[in-house]
Amino acid sequence: MEKSNRIIVTVIGVDRVGIIAAVATLLAEAHANIVDISQTTLREFFTMIMMADVSKASVPFDELKRRLNAKGEEMGLRIDAQHEDVFKFMHRV
(Lines give C-alpha, C1' and ligand atoms only; values in the text may rest on other atoms or scores of the structure.)
Protein backbone atom coordinates (compact mmCIF):
# COMPACT_ATOMS: atom_id res chain seq x y z
CA MET A 1 0.00 0.00 0.00
CA GLU A 2 1.36 3.40 -1.00
CA LYS A 3 1.79 5.90 1.83
CA SER A 4 -0.43 8.95 1.65
CA ASN A 5 1.08 12.43 1.20
CA ARG A 6 -1.81 13.96 3.12
CA ILE A 7 -2.03 14.99 6.74
CA ILE A 8 -4.99 15.72 9.00
CA VAL A 9 -4.70 18.87 11.12
CA THR A 10 -7.10 19.25 14.04
CA VAL A 11 -7.71 22.47 15.96
CA ILE A 12 -9.75 22.79 19.16
CA GLY A 13 -10.12 25.76 21.48
CA VAL A 14 -11.98 28.88 22.44
CA ASP A 15 -13.03 30.80 19.33
CA ARG A 16 -11.13 33.94 18.42
CA VAL A 17 -10.32 35.97 15.34
CA GLY A 18 -7.52 34.64 13.14
CA ILE A 19 -7.44 30.91 13.90
CA ILE A 20 -8.00 29.74 10.32
CA ALA A 21 -5.67 32.42 8.97
CA ALA A 22 -2.87 31.45 11.38
CA VAL A 23 -3.05 27.73 10.57
CA ALA A 24 -3.42 28.34 6.83
CA THR A 25 -0.44 30.73 6.85
CA LEU A 26 1.74 28.25 8.70
CA LEU A 27 0.84 25.50 6.21
CA ALA A 28 1.39 27.80 3.22
CA GLU A 29 4.83 28.84 4.52
CA ALA A 30 5.75 25.13 4.58
CA HIS A 31 4.37 24.64 1.03
CA ALA A 32 1.61 22.35 2.29
CA ASN A 33 -1.57 22.67 0.23
CA ILE A 34 -4.94 22.65 2.04
CA VAL A 35 -7.23 20.30 0.10
CA ASP A 36 -10.23 20.24 2.43
CA ILE A 37 -11.42 22.06 5.52
CA SER A 38 -14.33 21.73 7.90
CA GLN A 39 -14.85 24.04 10.84
CA THR A 40 -17.60 24.86 13.25
CA THR A 41 -18.14 26.93 16.34
CA LEU A 42 -20.23 25.47 19.15
CA ARG A 43 -21.08 28.42 21.38
CA GLU A 44 -17.62 29.74 22.26
CA PHE A 45 -15.72 26.60 21.18
CA PHE A 46 -13.98 26.40 17.81
CA THR A 47 -13.22 23.08 16.10
CA MET A 48 -11.59 22.52 12.73
CA ILE A 49 -10.29 19.62 10.71
CA MET A 50 -8.07 20.30 7.69
CA MET A 51 -6.61 17.92 5.17
CA ALA A 52 -3.37 19.11 3.59
CA ASP A 53 -1.18 17.67 0.87
CA VAL A 54 2.44 17.69 2.03
CA SER A 55 4.00 16.09 -1.07
CA LYS A 56 5.76 19.40 -1.88
CA ALA A 57 6.35 20.51 1.71
CA SER A 58 9.59 22.36 2.36
CA VAL A 59 9.96 20.89 5.86
CA PRO A 60 9.71 17.32 7.20
CA PHE A 61 6.43 16.25 8.80
CA ASP A 62 7.89 16.22 12.34
CA GLU A 63 8.97 19.86 11.98
CA LEU A 64 5.59 20.88 10.57
CA LYS A 65 3.86 19.11 13.48
CA ARG A 66 6.16 20.92 15.94
CA ARG A 67 5.35 24.29 14.34
CA LEU A 68 1.60 23.58 14.50
CA ASN A 69 1.84 22.54 18.17
CA ALA A 70 3.83 25.71 18.96
CA LYS A 71 1.27 27.90 17.15
CA GLY A 72 -1.45 26.23 19.19
CA GLU A 73 0.36 26.95 22.45
CA GLU A 74 0.90 30.56 21.37
CA MET A 75 -2.82 30.98 20.59
CA GLY A 76 -4.22 28.98 23.52
CA LEU A 77 -5.43 26.19 21.22
CA ARG A 78 -4.73 22.53 20.74
CA ILE A 79 -3.39 22.02 17.22
CA ASP A 80 -2.22 18.59 16.15
CA ALA A 81 -1.29 16.85 12.91
CA GLN A 82 -1.25 13.20 11.89
CA HIS A 83 -0.54 11.41 8.66
CA GLU A 84 -3.83 10.52 6.96
CA ASP A 85 -3.04 6.79 7.22
CA VAL A 86 -2.59 7.01 11.01
CA PHE A 87 -5.76 9.10 11.37
CA LYS A 88 -7.79 6.58 9.33
CA PHE A 89 -6.42 3.67 11.37
CA MET A 90 -7.17 5.36 14.70
CA HIS A 91 -10.71 6.38 13.66
CA ARG A 92 -11.85 3.34 11.72
CA VAL A 93 -15.42 2.19 12.22
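Notes on the structure in this doc start here. From a predicted model like this one, the values you see are computed outputs, not experimental measurements. (Residues numbered from 1 in each chain as written. Predicted model: local features only at pLDDT ≥ 70, side-chain atom pairs only at ≥ 80, totals over all residues. Heavy atoms only, no water.)

**Here's the deal with the nonpolar core**
Turning to step 1, where the next piece is worked out: Formed by 23 residues in total, the largest nonpolar core has its most connected members in Ile7, Val9, Val11, Val23, Leu27, Leu64 and Leu68.
Turning to step 2, where the next piece is worked out: At 5 residues, helix H1 (residues 19-29) tops the list of elements feeding residues into this core.
Turning to step 3, where the next piece is worked out: When neighbours within four sequence positions are excluded, Leu64 is seen to be in contact with Ile7, Leu26, Leu27, Ala30, Ala32, Val54 and Val59. (Core = buried A, V, L, I, M, F, W, Y, C linked by side-chain atoms within 4.5 Å. Buried < 20%, exposed > 50% of the residue type's maximum accessible area, 1.4 Å probe, protein only. Helix = DSSP H or I, 4+ residues; strand = E, 2+ residues; numbered from the N terminus. Contact = heavy atoms within 4.5 Å.)

**Examining the packing of H1 against helix H2 (residues 61-75)**
Turning to step 1, where the next piece is worked out: Running from amino to carboxyl end, H1 crosses H2 at an angle of 155°, the nearest separation of the two axes being 10 Å. Judged on the interaxial angle alone, H2 and H1 are roughly antiparallel. Between H1 and H2 lies a crossing whose hand is right-handed. Of the residues in H2, those touching H1 at Ile19, Ala22, Val23, Leu26 and Leu27 are Leu64, Arg67, Leu68, Lys71 and Met75.
Turning to step 2, where the next piece is worked out: Across the contact of H1 with H2, the residue classes break down as 8 nonpolar, no polar and 2 charged. (Axes fitted to C-alpha atoms, helices over the stretch in contact; angles between N-to-C directions. Parallel < 35°, antiparallel > 145°, perpendicular 65-115°, else oblique. Left-handed = near helix turned anticlockwise from the far one by under 90°. Nonpolar A, V, L, I, M, F, W, Y, C, P; charged D, E, K, R; others polar.)

**So, H1**
Turning to step 1, where the next piece is worked out: Residues Ile19, Ala22, Val23, Leu26 and Leu27 constitute the buried set of H1. Considered in projection along H1, the buried side chains sweep an arc of 125° and stay on one side of the axis.
Turning to step 2, where the next piece is worked out: Tucked inside the fold, the buried residues of H1 contact strand S1 (6-14), strand S2 (33-42), strand S3 (45-53), H2 and strand S4 (77-83).
Turning to step 3, where the next piece is worked out: Remark: His31 follows H1 within two positions and exhibits a positive phi of approximately 60°. (Arc of directions from axis to C-beta.)

**What about the side chain of Asp80?**
Turning to step 1, where the next piece is worked out: The residue Asp80 is located in strand S4 in this model.
Turning to step 2, where the next piece is worked out: For Asp80, a relative accessible area of 18% gives the class buried.
Turning to step 3, where the next piece is worked out: Those residues within four positions of Asp80 in sequence are excluded, and the remaining contacts are Ile8, Val9, Thr10, Lys65 and Asn69.

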